[in-house]
Amino acid sequence: LRYNVDVRAACVGGGDAAHSTIAQYGLQDYARVVPPRADVRSLYAAADVFVASSRAEGAPYAVLEALAVGTPVALSDIPAHRPVAELTEGAVLAARDPEAFADVVRSLLDERPVVDVTALAERIDLKAWAARMADLYERISSQPPARGQP
């Protein structure tokens with residue numbers, strides 16, 4: 001809003017917490033909470049920018065889904081997002097504060113980077129990832145239970 005840009009935001013899911021945050025900051029005219037839905041692809045495709053301001057994340061599937069339809073992403077600078085930012089110019093890291101995110105979103109809106117979906121798909125090796133996950137589960141399942149656990 002500080003850039004005088006006509007912004008509309010959608011938060012998919014989030015429930016009462018998302019509604020409260022929107023009300024707390026007086027953003028009712030700019031943001032809405034959308035109920036969870038199976039087909040979020042159309043929402044990603046309609047967005048000019050996808051924002052992932054996570055404090056922590058396992059695998060950033062939503063980020064990859066947004067990139068897969070060519071939508072650039074503004075990402076919090078957390079360990080799970082850093083490898084994604086290395087994959088494409090359409091993924092930009094921001095410090096976890098509102099000013100930094102506003103700057104990154106504005107730059108993505110101004111520059112309109114093209115997300116090369118084909119090149120991105122070639123750089124993500126799902127077979128290698130699946131093998132690493134299978135190895136991790138195998139190592140975890142072969143360990144004795146923690147004390148006090150059945």
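Structure report, in brief. This is a predicted model, so every value here is computed, not measured.

As for the side chain of histidine 81
Working step 1: Tracing the sequence through the fold places histidine 81 in the loop between strand 4 (73-76) and helix 4 (82-85).
Working step 2: Since its relative accessible area comes to 0%, histidine 81 is described here as buried.
Working step 3: The residues touching histidine 81, leaving out its near neighbours within four places in the chain, are Ala52, Ser54, Glu57, Pro60, Val63, Leu75, Ser76 and Leu93.

Describing the environment of arginine 32
Working step 1: Within the secondary structure, arginine 32 sits in strand 2 (residues 31-34).
Working step 2: Residues arginine 32 and alanine 59, 27 residues apart in the sequence, show an inter-C-alpha distance of 25 Å.
Working step 3: Beyond its immediate sequence surroundings of up to four residues, arginine 32 is in contact with Ala9, Ala10, Cys11 and Ile22.

Thoughts on the side chain of threonine 71
Working step 1: Here threonine 71 lies in the loop between helix 3 (61-68) and strand 4.
Working step 2: In terms of polar contacts, threonine 71 uses its side chain to reach the backbone carbonyl oxygen of tyrosine 44, at 2.5 Å.
Working step 3: Residue contacts for threonine 71: discarding those within four places in its chain leaves Tyr44, Ala45, Ala47, Asp48, Val49, Phe50, Ala66 and Val115.

Considering the environment of alanine 119
Working step 1: Note that alanine 119 resides in helix 6 (residues 117-123).
Working step 2: In this structure the C-alpha to C-alpha distance between alanine 119 and leucine 87, which are 32 residues apart in sequence, comes to 8.9 Å.

Details of the nonpolar core
Working step 1: Grouped together as the largest cluster of nonpolar side chains are 14 residues, with contacts concentrated most on Phe50, Val63, Leu67, Val73, Leu75, Val84 and Ala91.
Working step 2: Of all the secondary structure elements, the ones that give two or more residues to this core are strand 3 (50-52), helix 3 and strand 4.
Working step 3: For this core, the leading source of residues is helix 3, giving 3 residues.
Working step 4: One finds Phe101, Val104, Leu108 and Leu109 within the second-largest nonpolar core, a separate group that totals 8 residues.

Here we look at the layout of surface pockets
By rolling a water-sized probe across the atoms, one finds the places where empty space is left.
Working step 1: If you add up the space inside the largest pocket, you get close to 2100 Å³.
Working step 2: Taken together, 42 residues line the largest pocket, and the ones lying closest to its centre are Val7, Ala9, Val51, Ser53 and Val105.
Working step 3: Contributing elements (two or more residues each) for the lining of the largest pocket: strand 1 (9-12), helix 1 (15-24), helix 2 (41-46), strand 3 and helix 5 (98-111).
Working step 4: With 7 residues, helix 5 is the largest single contributor of residues to the lining of the largest pocket.
Working step 5: Here the lining of the largest pocket is built from residues that sort into 29 nonpolar, 3 polar and 10 charged.
Working step 6: Size it by volume and the second largest pocket reaches roughly 550 Å³.
Working step 7: Within the residue set of the lining of the second largest pocket, elements represented by two or more residues are helix 3, helix 4, helix 6 and helix 7 (126-141).
Working step 8: Taken together, the residues of the lining of the second largest pocket sort by class into 16 nonpolar, 1 polar and 4 charged.

Definitions and limits used
- Residues numbered from 1 in each chain as written.
- Predicted model: local features only at pLDDT ≥ 70, side-chain atom pairs only at ≥ 80, totals over all residues.
- Heavy atoms only, no water.
- Helix = DSSP H or I, 4+ residues; strand = E, 2+ residues; numbered from the N terminus.
- Buried < 20%, exposed > 50% of the residue type's maximum accessible area, 1.4 Å probe, protein only.
- Contact = heavy atoms within 4.5 Å.
- Polar contact = N/O pair within 3.5 Å; in protein donor to acceptor, adjacent residues only side chain to side chain.
- Core = buried A, V, L, I, M, F, W, Y, C linked by side-chain atoms within 4.5 Å.
- 1 Å grid on protein atoms, 1.4 Å probe; cavity = no way out; pocket = protein on both sides within 12 Å on 5 of 7 lines; lining within 4 Å.
- Points joined across faces, edges and corners; volume = space filled by probe spheres on them.
- Nonpolar A, V, L, I, M, F, W, Y, C, P; charged D, E, K, R; others polar.

Shape is all these values report; function is a separate question.
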